[in-house]
Amino acid sequence: MQSNKIIKFCFTLVLGLLISWEHVYAQSALERINAIYASLAGDHAALYVAQELGLFRKYGLDVNLSYTAGAAQVIQTMMAGENQIATAGGSGVVDADFGGADLVAVAGMVNMPAFYIVVQPEIKSIQDLRGKPVGITRFGSSTDFTMRYILKKAGLEPDKDVPLLQMGGQPELAAGIEARRIFAAPMTPPALQKTLKAGARIQIPPKTIGLSFPHVGIVVRKSYLAAHRQIVKNFIAGYSEGVAMLQKDKEGSKKAIGKFLHTDDPEVLEASWQFGVDVIERIPNLDPEMFKLVLEDRAQTRPEAKKFKPEQFFDDSVVKELEKEGFFKKIFAR
């Protein structure tokens, strides 16, 4: 009888140690990576959800996620080796690679110019912006591309007819509208709500801009993709589960968004969540036509752009691999 108790005690002890070791191993087995994002807005809502709900850890990643305003700054940190993965617009990738970088987009988070073109109340048409400064985040960013496209479509020459001012990020654009330093800007929630409360109005909503465009995607260095393909795949998988959760768990998603945007304002959270649901791709595919558009735009001022092919700036093989494995059907079917 006594021997049975001893055996039971030893079994319990060994089992406890095994569980403890397994926990320690699971923690130590996580691959720590630095990731950076350039937008405090609903177009990154799925990224916020994935991080806050621990979905990257589910795929073996301990992601140190940090914010830096502006695509140019994001790309600089990537090239310096400070971050392994970033979110950035396709136009930023193209410009960086023109300069000798080896960046490549591996997933398309938002494949349209996901901005509301906001104007001061006295501006009745885009033509009314002639001679008046408009705001963008940074030159070469998605806001820059979109604003220039809108101006050209209205028959205005950017820089010549309409000065473009670099403001920094979405919060800075909102501050510029409020202070009347700028008369228009490409905006996203939650900064959008701030400008509307200040008296600005929406001139053009995102879905009427009418472009397929690499607004923002997941970006890595080509050398990193070659050496750490599985990590990139795991990051895209964790992010994509964030997309699924964004659509399935509205309240949980709004809490995650609120943490990253540092707000508990119900109106801001609702607008940011809805914006994310409206513009974020369920499957983060990439299309050469989107990068062709960027190259055609750049060729107007940089003739060397004509030498490049769209396929040089993106690699959708990881997304295709996940799709072939039935991953996306699985996470959206739950």
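Shown above is the structure to which this text applies.
Described below are features of the structure shown in this document. (Residues numbered from 1 in each chain as written. Predicted model: local features only at pLDDT ≥ 70, side-chain atom pairs only at ≥ 80, totals over all residues. Heavy atoms only, no water.)

**So, the overall build of the protein**
So, point 1. Regarding its fold elements, the protein presents 15 helices and 10 strands.
So, point 2. When the backbone C-alpha atoms are referred to their principal axes, the protein occupies close to 95 × 45 × 35 Å.
So, point 3. By the burial criterion, 54% of the 334 residues in the protein qualify as buried.
So, point 4. Pairs at least 24 apart in sequence give 80% of the contacts found in the protein among residues at least 6 apart.
So, point 5. Working note: accessible area of the protein is about 15,100 Å², and carbon and sulfur atoms make up 55% of it.
So, point 6. Within the protein, the 37 negative side-chain charges are centred at a point lying 2 Å from the centre of the 40 positive side-chain charges. (Helix = DSSP H or I, 4+ residues; strand = E, 2+ residues; numbered from the N terminus. Buried < 20%, exposed > 50% of the residue type's maximum accessible area, 1.4 Å probe, protein only. Contact = heavy atoms within 4.5 Å. Areas by Shrake-Rupley, 256 points an atom, 1.4 Å probe, with all protein chains shown as cover. Lys, Arg positive; Asp, Glu negative; His and termini not counted. Charge placed at Lys NZ, Arg CZ, Asp CG, Glu CD.)

**Focus on the sheet that holds strand E8 (residues 184-187)**
So, point 1. An order of E8-E5-E9 is seen for the three strands of this open sheet, with the pairing classed as antiparallel. Both edges of this open sheet fall to E8 and strand E9 (201-204), since each of them pairs with a single strand only. Across this sheet, the average inter-strand angle for adjacent strands is 40°, counted without regard to direction.
So, point 2. Across four bridges, strand E5 (residues 116-119) lies against E8 in antiparallel orientation. Its bridge partner lying in E8, Ile117 is registered against Pro186.
So, point 3. Sitting on the sheet, helix H6 (residues 142-153) is in contact with E5, E8 and E9, with an inclination near 70° to E5. (Pairing = 2+ DSSP bridges. Axes fitted to C-alpha atoms, helices over the stretch in contact; angles between N-to-C directions.)

**Topic: the packing of aromatic side chains**
So, point 1. This structure, assessed with the given rule, holds 13 aromatic pairs.
So, point 2. Ring geometry for Tyr37 against Tyr67: centres 5.6 Å apart, planes inclined by 45°, an arrangement best described as tilted. With Tyr37 in strand E1 (residues 31-37) and Tyr67 in strand E2 (residues 61-67), the pair connects residues that are 30 residues apart, well separated along the chain.
So, point 3. Between the aromatic rings of Tyr116 and Phe275, the centroid separation amounts to 5.8 Å while the plane-to-plane angle is 40°, which identifies the pairing as tilted. Taken together, the residues span a long stretch of sequence, with Tyr116 in strand E5 and Phe275 in helix H12 (residues 266-279) at a distance of 159 residues.
So, point 4. What makes Tyr116 buried here is its relative accessible area of 18%.
So, point 5. Among the aromatic residues, ring-to-ring pairing joins Tyr37, Tyr48, Tyr67 and Phe260 into one connected group. (Phe/Tyr/Trp six-rings, centres within 6.5 Å; stacked < 30°, edge-to-face > 60°.)

**Some words on the sheet that holds strand E4 (residues 103-110)**
So, point 1. Strand order across the open sheet formed by five strands is E2-E1-E3-E10-E4, with mixed pairing between neighbours. Two strands close off the open sheet at either side, each with one partner strand: E2 and E4. For this sheet the average axis-to-axis angle between neighbouring strands, irrespective of direction, equals 25°.
So, point 2. In this sheet, E2 lies alongside E1 in parallel orientation, the contact comprising seven bridges. Looking at E2, one finds that Ile36 is bridged to Ser66.
So, point 3. Most of the contacts of helix H5 (residues 90-98) go to E4, to which it runs at about 170°, and overall it touches strand E3 (85-88), E4 and strand E10 (216-221).

**Quick word on the nonpolar core**
So, point 1. Grouped together as the largest cluster of nonpolar side chains are 66 residues, with contacts concentrated most on Ile218, Phe235, Ile236, Tyr239 and Ile280.
So, point 2. Ranked by the residues each element gives to this core, the list is headed by helix H10 (residues 229-248), at nine residues.
So, point 3. Ile36, Val119, Leu211 and Val294 belong to the second largest nonpolar core, which has 45 residues in total. (Core = buried A, V, L, I, M, F, W, Y, C linked by side-chain atoms within 4.5 Å.)

**Comments concerning the side chain of Ser240**
So, point 1. Its place among the elements puts Ser240 in helix H10.
So, point 2. Take Ser240: its relative accessible area is 0%, and that puts it in the buried class.
So, point 3. Excluding its chain neighbours within four sequence positions, the residues that come into contact with Ser240 are Pro284, Phe327, Phe328 and Ile331.

**Considering the packing of H5 against helix H13 (residues 288-299)**
So, point 1. Where H5 contacts H13, the two axes come as close as 10 Å, and the packing angle between them is 55°. Taken together, the axis directions place H5 and H13 in an arrangement best described as oblique. Our pair here, H5 against H13, has a crossing hand that is right-handed. Where H5 abuts H13, its residues Gly90, Ser91, Val94, Asp95 and Phe98 lie against Phe291, Val294, Leu295 and Arg298. (Parallel < 35°, antiparallel > 145°, perpendicular 65-115°, else oblique. Left-handed = near helix turned anticlockwise from the far one by under 90°.)

**Thoughts on the pattern of salt bridges**
So, point 1. Taken as a whole and judged by the stated rule, the model has 22 salt bridges.
So, point 2. The salt bridge partner of Asp62 is Arg32, with a shortest N-O separation of 3.2 Å. With Asp62 in strand E2 and Arg32 in strand E1, the pair connects residues that are 30 residues apart, well separated along the chain.
So, point 3. Relative accessible area serves as the criterion here: at 23%, Asp62 is assigned to the partly exposed category.
So, point 4. One salt bridge connects Asp297 with Lys152, and the closest N-O pair in it is separated by 3.3 Å. Residue Asp297 is located in helix H13, and its partner Lys152 is located in helix H6; the two are separated by 145 residues in the primary sequence.
So, point 5. Using a relative accessible area of 31% as the deciding quantity, one classes Lys152 as partly exposed. (Salt bridge = Lys/Arg side-chain N within 4 Å of Asp/Glu carboxyl O.)

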